[in-house]
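# Coordinate inspection notes
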Amino acid sequence: MAAPTTDARIGRSHTTIGLVLASLVILAWLAVHISAIFLVDWSVTSHLLAAPLVIALQCWLSVGLFIIAHDSMHGSLAPRHPKLNRAIGRFCVFIYAGFSYDKLYKNHHAHHRHAGTAEDPDFDVEHPSSFLPWYLKFFRHYFGWREFGTLTVAVVIYLVILQERFPTMLVFWALPGILSSIQLFYFGTYRPHRIDEETFTDQHRARSNDFSPILSLLTCFHFGYHHEHHDAPWVPWWKLPAQRQLALRAKTN
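Structure report, in brief. Along each chain, residue indices are assigned from 1 in the same order as the chain's sequence is written. Totals for whole chains, interfaces and linings use every residue, but because this is a predicted model, local features are given only for residues with pLDDT of at least 70 and side-chain atom pairs only at 80 or more, for both listing and counting. Where side-chain values are given, they derive from all heavy atoms of the structure, hydrogens and water being excluded.

This part covers the side chain of Ser181. With respect to the helices, strands and loops of the structure, Ser181 is situated in helix H7 (residues 166–193). Residue exposure (1.4 Å probe, protein chains only): buried if accessible area is under 20% of the type maximum, exposed if over 50%, otherwise partly exposed. Given a relative accessible area of 14%, Ser181 falls into the buried group. What counts as a helix is a DSSP run of H or I of at least four residues, what counts as a strand is a run of E of at least two, and both are numbered from the N terminus.

The structure is reproduced here in structure tokens:
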């Protein structure tokens, strides 16, 4: 594996905050997952009316799982505890969709080295401006036979346990997972790296959105501040708004 991209200035308080936030996201995802699939009676009208909100919440929390794993790939989640850092990252991508952490790690660092080029595994040189064909290529690249096999085993286990409640698993795990992959791709890959009238200014070949911190958090856990991420990959997701402000002030001055 390539060396992590953490910065020496990261201290203990940084690790504590990162681990607390990661724990909140993971525990919230597990609570919604278990409650929605196993505990809630969705035949009750009031519960059924809340289902879209639960799906939206689980979609957002699934995005959070991936962003936590992403920070662990850069060593910025728990930089003083590399084994814990990797363990949390592996757990997050596993419960998200059975992904291989090692494959994601390798591809993500290749993306940083060759952003927006033919050597970038996340870039589609044939459709650099088209969302749907690029997303389908992106999805096929990461969702392979390993992921299919892992999720097939999970589906069989859920089918045996849930029986007549099995459709709830599709609604409250599979659907948010698919929606979150679209959300992650759109705000974290397509918008920052697509080719359009706005030319790139440096080797990062990435742009940032102009969303407010609240909207940035809701869309992709601040991953839309993407140029700042490429410029300082050791900065965790929750510090990207401050990094964005520093970059804007430096540009103004």
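Our focus in this paragraph is unusual backbone geometry. Unlike most non-glycine residues, Arg205 shows phi in positive territory, near 45°. Here Arg205 is to be found in the loop between H7 and helix H8 (213–220). Judged by relative accessible area, Arg205 falls into the partly exposed class, the value being 27%.

The next thing to look at is the nonpolar core. Ile68 and Phe172 are the most contacted members of the largest nonpolar core, which totals 49 residues. For this core, the elements supplying multiple residues, two or more each, are helix H1 (12–39), helix H2 (45–73), helix H3 (82–97), helix H4 (101–113), helix H5 (131–142), helix H6 (145–162) and H7. The contact rule is simple, with two residues in contact once any of their heavy atoms fall within 4.5 Å. With residues up to four places along the chain from it excluded, the contact list for Ile68 reads Ala22, Val25, Ile26, Leu77, Ile88 and Cys92. For our purposes a nonpolar core is just a set of buried Ala, Val, Leu, Ile, Met, Phe, Trp, Tyr and Cys residues, chained together by side-chain atoms within 4.5 Å.

Opposite charge on two side chains lets them pair, provided their charged atoms get close. Put simply, a salt bridge is a Lys or Arg side-chain nitrogen that is within 4 Å of an Asp or Glu carboxyl oxygen. Evaluated as defined, the whole model comprises 7 salt bridges. A salt bridge links Asp124 to Lys137; the shortest N-O distance between them is 3.7 Å. Of the two residues, Asp124 sits in the loop between H4 and H5 while Lys137 sits in helix H5, which places them 13 residues apart along the sequence. Of the charged contacts in the structure, one is a salt bridge between Arg194 and Asp196, with a shortest N-O distance of 3.2 Å. We classify Asp196 as partly exposed; its relative accessible area is 26%. Here the salt bridges share partners, and the residues they tie into one network are Arg194, Asp196, Glu198 and Arg207.

Expected helix span is computed as 1.5 Å times (number of residues minus one). The first and last C-alpha atoms of H3 sit 23 Å apart over 16 residues, in line with the 22 Å expected at 1.5 Å per residue. All buried positions along H3 are accounted for by Asn85, Ile88, Gly89, Cys92, Val93, Ile95, Tyr96 and Ala97. Here the buried face of H3 lies against H1, H2, H4, H6 and H7. Immediately beyond the C-terminal end of H3, within one or two residues, lies Gly98, with a positive phi of roughly 70°.

Of the grid points, spaced at 1 Å and generated over the protein atoms alone, those admitting a 1.4 Å probe that cannot get out make up cavities, while open sets with protein on both sides within 12 Å along at least five of seven lines make up pockets; any residue with an atom within 4 Å of a point is treated as lining. Grid points are joined across faces, edges and corners, and a volume is the space filled by probe spheres set on the points. Of the pockets and cavities examined, the largest pocket occupies roughly 730 Å³. What lines the largest pocket is a set of 33 residues, among which Tyr96, Ala97, Phe99, Gly177 and Ser181 lie closest to the centre. Looking at the lining of the largest pocket, the elements with two or more residues in it are H2, H3, H4, H5, H6 and H7. Take the lining of the largest pocket: its biggest share by element is 12 residues, from H7. Here the second largest pocket defines a volume of roughly 460 Å³. Taken together, 17 residues make up the lining of the second largest pocket; nearest its centre are Thr201, His227, Glu228, Arg244 and Lys251. Of the residues forming the lining of the second largest pocket, the biggest block, 7 residues, is contributed by helix H10 (residues 240–252).

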